[in-house]
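Here is what each chain is made of, one letter per residue.
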Amino acid sequence: MQAGIITPEPSASHGGFIPSIEGMRAVAVLAVLLFHLDVPGFSGGFLGVDLFFVISGFIITRNILWDLQSGNFSLKEFYRRRIRRLLPALLVTVLLTLIVSVFVVPPFVLVDIAKSAIFSTLSLANVYFWSGSGYFDAAAITKPLLHTWSLSLEEQFYLLWPALLLLLASKRWRLIICLSLLLLSLSFALLWRDEFPDAIFFLLPFRLHQLMAGALIAILSLRLQASFGNICTLLAAAGFLAITVMLDSRYSPAVGAVAVTALGFILLVGRDAVLANVLFGNRPMQWIGKRSYALYLVHWPIIVLVNFGADGELSGMNRVFLLLLSFIFAMGLHEWVERPFRKKGEDTTTLQRMAFAVIVGAFSVTVSVAAVIWSSDGFPSRTDPQVLRVLESVKSENDLRRHAIRFGVCHLYDEHQLSDYDLATCVSLEAGSKNILVIGDSMAADTYMMLSQAYPEYTFSQATADACTGILDRFDIGGRYSTCRSFNQYRFSELVRLDMDLIVLASIWEEDRIQPLKETVAYLHSLGKKVLIIGPRVHFRDAVPLLISRGTSLDNVNFSVRNRVVDRSFVLRQMRQAIPEVDIVDMGSIQCAPSCDVIDGDRLLYYDKRHFTQLGAQRFGERFKKAFDLPTYMSEPDP
């Protein structure tokens, strides 16, 4: 065979064990594990799941085609094998997670865990989490079964794909359908990545391109060997490592997913290359790969549940401990649950012969436990009544806040259109009054809520949108969705030209946003506008209701959360150095004057880790008036 030539495998190669693929599974699960442990340098480690999808598409298609060719394929037998391969370990993980959660998480979180448990066992976890919120939101660390979304997606694929392959009798039609699904899925995933990011992440139609990439290799029996195979393996492995290091929250996960589809494709066609066996076929990688399913199952519940019981930032030693704990539990799950239930040839043990009865029983117990927890509202009697009242107020506090920030009218979200913005309601110009326009993201919505309560004598206008940074050129700096792009253009081309006495800019400020902010200030000054910047705010490492739930009472809560505060004063110093021509309010000091209070009596000042409640905005507005002389600032001439 010539080097660099892609050649078809003999038909017999559809069956049998491929060591390099077991090692690729190890790479995928380690990437996910390091990402979830928040290990520096692995901000894109979640892409290990994408690599899993490509591998799964190849393995499943390869095995089905082999059985079809040998005349041994049966849908019934296929589903029996999948159930015994996947469900026992999943059920044990879900059931243990429920039991431990009863003792360590607050009622309102426990109810959500119980709901997710039921959907996970029904292979609908991806639909459940898609309908709730994103993988990367602040509450992800409160969802110990969040990672089961990927298992549900694969199980949905297993339900549909074998039957389709069985109907498509010829290789030609299998190839046409595979390529069509790949291209359609890839196109829609890229086209809608900004408008529907959660759907692109969680739902099968937008992940099919990864599964179909693996399936395509199996259908065509493609492989790379010799020197070109080694080069491609090296480049693909290096590319996957690079993207897991470089990708972060600034980039759409859909873009990373497409990149992994290509890299995974190259890795798999090079699976027989010498370098592939060296990198992935060695004993350590084989050992981890064999336990990759168990390790994937147990690691996230361990991280989440330990986090509930811990109080402090995840240190290096904590990470090592959680890593070791994950491997220990994975070894037990693999040896005592996963392996004994797997279908390999004839059933020889009593457990194997009773496998389905045991699985049905475990399924019934797991769903019943989850249903009891759900129906009992998470056993609220476990919590101090005062603390419970505060926790139960989160929804009402959020409702009050949404009303105060005029959600969906003056504050837009990715589900809204620019036409939803009501100019008549959101923008007012009153003769004889100071007219102030607030621009930015959800921090600006908080600022509007705060200033409008603190200065009722002024007229405040509002142009805010979620994750839509208040700067001129915000491309890839928060707010990727199309409504933000059009709204931002409208804010800075039309609204800022109105006869406003002051324009207030407020957003989540990061170091990479300082230069665009400086250019925005210069642009506003060129229009003759006076500008005030609300500086970076402190926030908390966990949602405030969760911090409160860890205590046995409300006594000393404001003192006890002090070590959970994230200080952003270093960004404020950089902003003041870069933009000395305007005042930048030190909101962090205002929030923490003298302490970083999170409750006032039995009322929340924050409803999550950073957003104010209506009462919080009122209290911080009172402090703002004492710390900053807004009337004098507006009367001063610009420098």
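Keep in mind that what you see is a predicted model, and the values were worked out from it rather than measured. (Residues numbered from 1 in each chain as written. Predicted model: local features only at pLDDT ≥ 70, side-chain atom pairs only at ≥ 80, totals over all residues. Heavy atoms only, no water.)

## Quick word on the packing of helix α23 (residues 514-526) against helix α26 (residues 569-578)
Helix-helix packing: each pair is described by the crossing angle between the helix axes and the interaxial distance.
Stage number 1. Following both chains from N to C, one finds α23 and α26 inclined at 40°, their axes separated by 10 Å at the closest point. Relative to α26, α23 is oriented oblique. For α23 against α26, the interelement crossing comes out right-handed. Mapping the contact onto sequence places Ile514, Leu517 and Lys518 in α23 and Val571, Gln574, Met575 and Ala578 in α26.
Stage number 2. Residues belonging to the contact of α23 with α26 are distributed by class as follows: five nonpolar, one polar and one charged. (Axes fitted to C-alpha atoms, helices over the stretch in contact; angles between N-to-C directions. Helix = DSSP H or I, 4+ residues; strand = E, 2+ residues; numbered from the N terminus. Parallel < 35°, antiparallel > 145°, perpendicular 65-115°, else oblique. Left-handed = near helix turned anticlockwise from the far one by under 90°. Contact = heavy atoms within 4.5 Å. Nonpolar A, V, L, I, M, F, W, Y, C, P; charged D, E, K, R; others polar.)

## Description of the side chain of histidine 147
Stage number 1. Within the secondary structure, histidine 147 sits in the loop between α5 (125-132) and α6 (148-167).
Stage number 2. At 2.7 Å, the side chain of histidine 147 and the backbone oxygen of leucine 297 are in polar contact.
Stage number 3. Those residues within four positions of histidine 147 in sequence are excluded, and the remaining contacts are Tyr296, Leu297, His299, Trp300 and Pro301. (Polar contact = N/O pair within 3.5 Å; in protein donor to acceptor, adjacent residues only side chain to side chain.)

## Focus on the sheet that holds strand β5 (residues 459-465)
Stage number 1. On the basis of which strands lie adjacent, the open sheet formed by six strands has the order β3-β5-β4-β6-β7-β10 and parallel pairing. Of all strands in the sheet, those bounded by a partner on one side alone are β3 (411-412) and β10 (584-585).
Stage number 2. As paired strands, strand β4 (residues 435-440) and β5 are joined by six bridges and run parallel to one another. Residue pairing for β5: glycine 440 is matched across the bridge by threonine 464.
Stage number 3. Across the face of the sheet, helix α22 (residues 482-493) comes into contact with β3, β4, β5 and β6 (502-506) while running at roughly 150° to β5. (Pairing = 2+ DSSP bridges.)

## Some points on the nonpolar core
Note that soluble globular proteins tend to have their nonpolar side chains buried in a common cluster.
Stage number 1. In terms of nonpolar packing, the biggest core is built from 115 residues, with Phe58, Leu98, Trp149, Phe157, Met212, Leu268 and Leu297 touching the most fellow members.
Stage number 2. Top element by residues in this core is helix α14 (residues 292-309). It accounts for 12 residues.
Stage number 3. Look past the residues within four positions of leucine 268 in its chain and what remains in contact with it is Ile21, Met24, Val54, Ile55, Phe58, Gly214 and Ile217.
Stage number 4. Of all hydrophobic cores here, the second largest spans 85 residues; its members include Val394, Tyr448, Tyr523 and Phe628. (Core = buried A, V, L, I, M, F, W, Y, C linked by side-chain atoms within 4.5 Å. Buried < 20%, exposed > 50% of the residue type's maximum accessible area, 1.4 Å probe, protein only.)

## Structural notes on the pattern of salt bridges
Stage number 1. Using the criterion set out here, one finds 18 salt bridges in the structure.
Stage number 2. Across the pair aspartate 50 and arginine 207 runs a salt bridge, and its minimum N-O distance is 2.5 Å. Residue aspartate 50 is found in helix α2 (residues 48-70), and its partner arginine 207 is found in the loop between α8 (197-202) and α9 (208-220); the two are separated by 157 residues along the sequence.
Stage number 3. For aspartate 50, a relative accessible area of 2% translates into the label buried.
Stage number 4. With a shortest N-O distance of 3.7 Å, glutamate 77 and arginine 81 are connected by a salt bridge. Linking glutamate 77 with arginine 81, this pair stays in helix α3 (residues 75-104), spanning four residues, or about one helical turn.
Stage number 5. Residue glutamate 77 is classed as partly exposed on the basis of its relative accessible area, which comes to 26%.
Stage number 6. With relative accessibility at 36%, the residue arginine 81 sits in the partly exposed group.
Stage number 7. Overlapping salt bridges bring together Glu77, Arg80 and Arg81 as one network. (Salt bridge = Lys/Arg side-chain N within 4 Å of Asp/Glu carboxyl O.)

## Observations concerning a nonpolar patch on the surface
Stage number 1. Together, Leu96, Ile99, Val100, Phe103 and Val104 line one region of the surface with nonpolar side chains, adding up to about 460 Å² of accessible area.
Stage number 2. Counting through the fold element by element, leucine 96 comes out in helix α3. (Patch = residues over 30% accessible without salt bridge, like charges linked within 9 Å, V, L, I, M, F, W, Y side chains within 5 Å. Areas by Shrake-Rupley, 256 points an atom, 1.4 Å probe, with all protein chains shown as cover.)

## Section: the packing of helix α4 (residues 107-121) against α5
Stage number 1. One can describe the packing of α4 onto α5 by two numbers: an axis separation of 7 Å at closest approach and a directional angle of 140°. If you check the angle between α4 and α5, you find them oblique. Across from Asp112, Lys115, Ser116, Phe119 and Ser120 in α4, the residues of α5 making contact are Ala125, Tyr128 and Phe129.
Stage number 2. A per-class count over the contact of α4 with α5 returns four nonpolar, two polar and two charged.

## Details of unusual backbone geometry
Stage number 1. That bond from alanine 593 to proline 594 is cis: its omega, -5°, falls within 30 degrees of zero.
Stage number 2. Relative to the helices and strands, proline 594 is located in the loop between α27 (587-591) and β11 (599-600).
Stage number 3. With a phi angle near 60°, serine 123 is a residue other than glycine that sits in the positive phi range.
Stage number 4. Here serine 123 shows up in the loop between α4 and α5.
Stage number 5. The phi dihedral of asparagine 556 is positive, around 60°, even though this residue is not glycine.
Stage number 6. Note that asparagine 556 resides in the loop between α24 (544-549) and α25 (557-560).
Stage number 7. A relative accessible area of 60% places asparagine 556 in the exposed class.

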